[in-house]
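Read off the chains here:
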Amino acid sequence: LMAPVVAFAHGMMTPVMSWGDSDMYKERNSPHFLGRYFPPEQPDRFFKQATLKPEYATVYLDPRFRLPLYPMALGDCVVATHQWGFPSRKFCDQWKVVRLTELLYGVPPLEHVSTGTMDAWLSDFAPYYKVFSPLHRTVAGKAVTDFRCLTPDRMVQQTTFDSVARVTVNYGAAAWQDLAPLSAKIDYLKDGRQVRYTVN
């Protein structure tokens, strides 16, 4: 119904979580506190990293329990991304999983940048951009035509975008075949190129 008029859907990859959880939204001394909407030049809510409670990490981000249903249904017409308050690196204990899932699902990262964070942000993001940008140029507007879990524990997964690219991700702590831990392999199906990326 909405696909003809919506260009992107924020919150499909990382949604708003548990408004009622005081550790996340009220208790400023909690490691899970998401931050205040202050100071105005760099609000904590967008720039402060927090740890995600295990029960939320399991439900929302754990690759063993995720399926790319939204990218499969609407990936060829709507760009999905994270909810604006949960940028890619918001959760210091989960950002590596988030990075790999962005590649696996072809979902653009969400980053908040300020003059105070530019240097650190660029050193982290620049290597990722070199891998993600050409991938997204290739797969944006393409349907996810295949999704597979390649290991029984579901820690190695693979998506195919139409007939243009195949992305294989190893979320595990051990190598799988020739794929290092916490890494992705991108096969461009038209010209046979292969690109690899490991989250550091």
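All residue numbers here refer to positions counted from 1 along the written sequence of the relevant chain. This being a predicted model, a pLDDT of at least 70 is required before a residue's local features are given, and a value of 80 or more before pairs of side-chain atoms are given or counted; all residues contribute to the totals for chains, interfaces and linings. The basis for every side-chain value is the complete set of non-hydrogen atoms in the structure, without hydrogens or water.

Explanation requested: unusual backbone geometry in the structure shown.
The general pattern is negative phi for most residues beyond glycine and trans for most peptide bonds. Phe38 connects to Pro39 through a cis peptide bond whose omega is 0 degrees. Within the secondary structure, Pro39 is located in the loop between helix H1 (22-25) and helix H2 (44-47). One non-glycine residue with positive phi stands out, namely Ser18, at about 45 degrees. Starting at the N terminus, helices and strands are each numbered in turn, a helix being any DSSP run of H or I of at least four residues and a strand any DSSP run of E of at least two. Among the secondary structure elements, Ser18 is positioned in the loop between strand E1 (8-10) and H1. A relative accessible area of 23% places Ser18 in the partly exposed class. Within the chain, Leu182 stands out as a residue other than glycine whose phi angle is a positive 50 degrees. Within the element layout of this structure, Leu182 appears in the loop between strand E5 (165-170) and strand E6 (183-188). Burial classes: relative accessible area under 20% of the type maximum marks a residue as buried, over 50% as exposed, and values in between as partly exposed (1.4 Å probe, protein chains only). In this structure Leu182 comes out as partly exposed when scored by relative accessible area, which is 24%.

Help me understand the nonpolar core in this model?
Side chains of nonpolar character tend, in soluble globular proteins, to be buried together. Throughout, nonpolar core names a set of buried Ala, Val, Leu, Ile, Met, Phe, Trp, Tyr and Cys residues whose side chains join them through atoms within 4.5 Å. Core analysis: the biggest nonpolar cluster contains 30 residues, and Leu103, Leu104, Leu135, Val167, Val169, Tyr171 and Ile186 have the highest contact counts within it. Those elements that provide at least two residues to this core are helix H5 (95-105), helix H6 (118-139), strand E3 (144-149), E5 and E6. Here this core gets 7 residues from one element, more than from any other, and that element is H6. Sequence-distant contacts of Val167, defined by excluding residues within four places in its chain, comprise Leu103, Leu104, Leu135, Gln157, Gln158, Thr159, Phe161, Lys185 and Ile186. The next biggest cluster of nonpolar side chains, apart from the first, holds 12 residues, and it includes Met17, Leu34, Leu52 and Phe91. Contacts between residues were defined by any pair of non-hydrogen atoms, one from each residue, lying within 4.5 Å.

Even after reading the chapter, I still don't get the pattern of salt bridges, so can you show me in this structure?
Side chains bearing opposite charge may pair, as long as their charged atoms lie close to each other. The rule for a salt bridge is simple: a side-chain nitrogen of Lys or Arg has to be within 4 Å of a carboxyl oxygen of Asp or Glu. The tally for this structure, following the rule as stated, stands at 13 salt bridges. Residue Lys53 pairs with Asp23 through a salt bridge whose shortest N-O separation is 2.8 Å. Note that Lys53 is positioned in the loop between H2 and helix H3 (54-61) and Asp23 in helix H1, a separation of 30 residues in sequence. Of the charged contacts in the structure, one is a salt bridge between Arg89 and Asp124, with a shortest N-O distance of 3.3 Å. Taken together, the residues Arg89 in the loop between strand E2 (79-81) and H5 and Asp124 in helix H6 connect sequence positions 35 residues apart. Each of the salt bridges in this network shares a partner with another, and the network as a whole consists of Arg89, Arg99, Glu102, Glu111 and Asp124.

Even after reading the chapter, I still don't get the packing of aromatic side chains, so can you show me in this structure?
For any pair of aromatic rings, geometry is given as the distance between the ring centres together with the angle between the planes. Any pair of Phe, Tyr and Trp rings, taking the six-membered ring for Trp, is counted once the centres come within 6.5 Å. Such a pair is stacked with planes under 30 degrees apart, edge-to-face with planes over 60 apart, and tilted for the rest. Under the definition given, this model contains 9 aromatic pairs. Taken together, a centroid distance of 5.5 Å and an interplanar angle of 40 degrees make the contact between Phe46 and Trp84 tilted. Residue Phe46 is located in helix H2, and its partner Trp84 is located in the loop between E2 and H5; the two are separated by 38 residues in the primary sequence. You can call Phe46 buried: its relative accessible area is 19%. Look at Trp84 and you get partly exposed, because its relative accessible area is 40%.

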